[in-house]
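The chain contents come next:
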Amino acid sequence: MVSSFKATAKRYLHKALAFLSSEWGLYAKNSPSVKIGQRMLYNFYRYAISQGRRFQLSDTGFRVYSQFEEDGILLYIFAAIGVEHKTFIDIGSADGIKSNCANFAVNFGWTGLFVDSNPMKIQRGKAYYAGNPDTALYPPTFVQAHIQAETINQLIQDNGFTGEVDLMSIDIDGNDYWVWDAITVVEPRVVIIETHIEFGMNSIVVPYDKDYRYPGKHPDYHGASPVAMEKLALKKGYRLVGANHYGFNTIYVKSGIGEDILPAVSVERIMQHPRNRERLRRFEAIKDWEYIHV
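As a starting point, this report considers the structure included with it. (Residues numbered from 1 in each chain as written. Predicted model: local features only at pLDDT ≥ 70, side-chain atom pairs only at ≥ 80, totals over all residues. Heavy atoms only, no water.)

### Quick notes on helix α3 (residues 70-81)
With 12 residues, α3 extends 16 Å between its outermost C-alpha atoms, agreeing within 8% with the 16 Å of an ideal straight helix rising 1.5 Å per residue. Within α3, 12 of the 12 residues are buried, which leaves the element mostly enclosed by the surrounding structure. Those residues of α3 not exposed but buried are E70, D71, G72, I73, L74, L75, Y76, I77, F78, A79, A80 and I81. Next to the buried residues of α3 lie α2 (32-50), α4 (102-107), β4 (163-170), β5 (186-194), β7 (238-243) and β8 (249-254). Count one or two residues on from α3 and you reach G82, which has phi positive near 85°. (Helix = DSSP H or I, 4+ residues; strand = E, 2+ residues; numbered from the N terminus. Expected span 1.5 Å × (residues − 1). Buried < 20%, exposed > 50% of the residue type's maximum accessible area, 1.4 Å probe, protein only. Contact = heavy atoms within 4.5 Å.)

Next up, the structure:
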C-alpha cells in the first residue's frame, strides 16, 4: 500500500515538475536578460560591421525559440542587412513557439503570420501569444490550413501580407520546394527553408502532390535536395548564404542586399557535417523512385 502510494506520488511529482519546467522554460525565453543580451549583441554586430568586421555564420548561432541555432544566425543576418518592416511569414509553423520567427515576434516586436495544418498546434500557439505580455495586445495571426501551392498566395494575401517582408520560413516536410516556387504575393528579404540532405548532391525534387501529408509512403521520400533548392533560389533571385549546423535548414538572402557582408556560399560548404554522410545511406532504399531532375 505504501509503495503504491509512493509510486503514485512520484508520478504526479514528475508531471508537476515537467509542467513547471515547461512554463518556466518558456518564461525564460523572453526574460529581460534575454532581451537585453540579444539587443546588445545586435548592436555590437551593427557597429562591428560598420567598422569593416565580418563574422562566419557558423560562429553566430544560438537557440532561444528556434529548433536549432537559427535564432542566432538570423540575428546576425538582420544586423548585417538591417530590418525594414519587422514582418515574417512562417509556413509549417506548428504552434509557432519552436519557430524560426518566434524570437523576432516575442523579443523584437515583429508582426507576422503562422500557418500550419494541425488545429491543436494552432490553438496552442494562439494561447501562448495571447497570454504572453510581449504579444498579448497584438499577437501574430494564426491560420490552420493544409498548405498547397495552388492556394498559398491567396492565403497569405487574405491575411494581410503582400509585397516585401523581412523573413519567410518554410518547413512543411513535403512540398517545401513547390510552395516556395509558387509564392509570388510576397517578396521576403530572407528565406529559411528545409531541404532533404538525404538526397545528397543530386539535383532532384520529389514530384508535387497537393494532398501529401508526412510521412507519406516513405518517411524519406519527400522534399528537395539542397542542390535543387539552391537552383530554385537563384531562379527567384536569392543567394545561399548558409545553413544551420547540420546543413538542412538553408538560408537565402535576396540578391542585391548585403552582398559584401553576406557573400554566396556553395552547397558543398553547408554539407560538411559528418551526420550528412550517415544520412546519405537512407537514400539507398528510395534511389530508384520517381524524381524530377532540375
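Next comes the rest of the write-up.
### Topic: the nonpolar core
A general trend in soluble globular proteins is that nonpolar side chains are found buried together. Ranked by size, the top nonpolar core spans 42 residues in total, and within it I89, I91, I156, W180 and I183 carry the most contacts. Counting residues per element, this core draws most heavily on helix α8 (residues 226-236), at five residues. With residues near it in sequence (within four places) discarded, I91 still touches V115, I147, I152, I156, M168, S169, I170, D171, I172 and I183. Counting 41 residues, the second-largest nonpolar core is a separate cluster that includes F78, A102, Y128 and L262. (Core = buried A, V, L, I, M, F, W, Y, C linked by side-chain atoms within 4.5 Å.)

### Comments concerning unusual backbone geometry
The omega torsion of the bond from Y214 to P215 falls at 10°, within 30 degrees of zero and hence cis. Phi at K86 takes a positive value of approximately 55°, unusual for a residue other than glycine. Here K86 shows up in the loop between α3 and β1 (87-91). According to the relative accessible area criterion, K86 is partly exposed, its value standing at 39%. One non-glycine residue, D173, lies in positive phi territory at about 50°.

### Some thoughts on the layout of surface pockets
What the largest pocket holds in volume is close to 900 Å³. Taken together, 36 residues form the lining of the largest pocket, with G92, S93, A94, D116 and D171 sitting closest to its centre. Of all the elements in the fold, those that place two or more residues in the lining of the largest pocket are α1 (2-29), α5 (119-131), β4 and β5. Here the lining of the largest pocket is composed, by residue class, of 10 nonpolar, 13 polar and 13 charged. There is about 460 Å³ of room inside the second largest pocket. What lines the second largest pocket is a set of 21 residues, among which Q56, L57, S58, G242 and R269 lie closest to the centre. Contributing elements (two or more residues each) for the lining of the second largest pocket: β7 and α9 (267-270). Partitioned by chemical class, the residues of the lining of the second largest pocket number 10 nonpolar, eight polar and three charged. (1 Å grid on protein atoms, 1.4 Å probe; cavity = no way out; pocket = protein on both sides within 12 Å on 5 of 7 lines; lining within 4 Å. Points joined across faces, edges and corners; volume = space filled by probe spheres on them. Nonpolar A, V, L, I, M, F, W, Y, C, P; charged D, E, K, R; others polar.)

So, to be careful, I would describe these as geometric facts and stop short of saying anything about function.
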